[in-house]
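# A closer look at the structure
Spelled out from the first residue to the last, the chains are:
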Amino acid sequence: FHYSPATGKYSVYRTNSKHSLSISDNAITYIYEDRQHIVWIGTPNGLNAVYPDESAFNVYQNITGDKQSLQSNLTHDSFKDAEGNIWVGTGKGLECINALTHNVSQYLFLDPRLKDLTEYSVMALLPDNAGTCWVGTWGAGMQLFDIRKRKFIESFAHFSNSPLSISSNYIKSFCKDAAGDLWIA
């Protein structure tokens, strides 16, 4: 649903299997607008890009057997980095859509301290000005990712036998306050 308070006009967008430029799902998991005013809409069935003044959706989805497509259609969060790449938190980890080729790369960090963990969903992303990104997961705590080097550099997880560990391995969102402190939910 798109509403313009300035004009009072609105548009309703619905998925339509007969129309390739429609939104991929009616259920929306998040919305993000980048610096170029492209609106990124996450759904349980892929990531959708809507360009300014257009009502056509460019959809990024998993293509079975294609390692350069999203590996999960379930998208939870995204942001655009300084080079124009789109980083997406999905049901199978952190993924990056290359700005030039539109190929997708996957990044997954399995903390060896977490027994029996084979995959996890990335629920929240919080990039900072230092070229890193906080990655909140559903089941594997949170990690710090170096965007330039494209690697995980730190991991925080809950361990019942450690009172100094984070309180939960299920991270839904982040907020950085005016002092630069990180709040985690």
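Residues numbered from 1 in each chain as written. Predicted model: local features only at pLDDT ≥ 70, side-chain atom pairs only at ≥ 80, totals over all residues. Heavy atoms only, no water.

## Concerning the state of the cysteines
What the rule picks out here adds up to 0 disulfides. The cysteine Cys175 is free of any disulfide, with Cys133 supplying the nearest cysteine sulfur at 15 Å. (Disulfide = S-S within 2.5 Å.)

## Focus: the pairing of strand β8 (residues 86-90)
Of all the 5 residues making up β8, 5 are buried; the element is thus mostly covered by neighbouring parts of the structure. Alternating positions in β8 separate into two faces, Ile86, Val88 and Thr90 on one and Trp87 and Gly89 on the other, with burial throughout. In the sheet, strand β7 (residues 75-80) pairs with β8 via 5 bridges, with the strands oriented antiparallel. Counted as the bridge partner of Asp77 is Gly89 from β8. Linking β7 to β8, which pair antiparallel, is a turn of 5 residues; within it Gly84 sits at a positive phi near 90°. (Buried < 20%, exposed > 50% of the residue type's maximum accessible area, 1.4 Å probe, protein only. Helix = DSSP H or I, 4+ residues; strand = E, 2+ residues; numbered from the N terminus. Pairing = 2+ DSSP bridges.)

## Details of the sheet that holds β7
Through backbone hydrogen bonds, the strands of a sheet pair up, either in parallel or in antiparallel fashion. Spatial strand order, β7-β8-β9-β10: 4 strands in an open sheet with antiparallel pairing. Edge positions in the sheet fall to β7 and β10 (104-107), since each of these pairs with one other strand and no more. Across the sheet, the mean angle from the axis of one strand to that of its neighbour is 25°, orientation sign disregarded. Here strand β9 (residues 93-97) pairs with β10 via 4 bridges, running antiparallel. The partner of Ile97 across the bridge, within β10, is Val104. (Axes fitted to C-alpha atoms, helices over the stretch in contact; angles between N-to-C directions.)

## Side note on the sheet that holds strand β5 (residues 46-50)
If you walk across this open sheet you meet the 4 strands as β3-β4-β5-β6, and the pairing is antiparallel. Edge positions in the open sheet fall to β3 (30-33) and β6 (57-60), since each of these has one partner strand only. The average undirected angle you get between the axes of adjacent strands in this sheet is 20°. As paired elements, strand β4 (residues 39-43) and β5 share 5 bridges and run antiparallel to each other. By the bridge assignment, Ile41 is partnered in β5 with Asn48.

## Structural notes on the side chain of Thr90
With respect to the helices and strands, Thr90 occurs in strand β8. One polar contact links Thr90 to Glu95, side chain to side chain, over a distance of 2.8 Å. Setting aside residues up to four positions removed in sequence, Thr90 forms contacts with Leu70, Ser72, Leu74, Thr75, His76, Glu95, Tyr120, Ser121 and Val122. (Polar contact = N/O pair within 3.5 Å; in protein donor to acceptor, adjacent residues only side chain to side chain. Contact = heavy atoms within 4.5 Å.)

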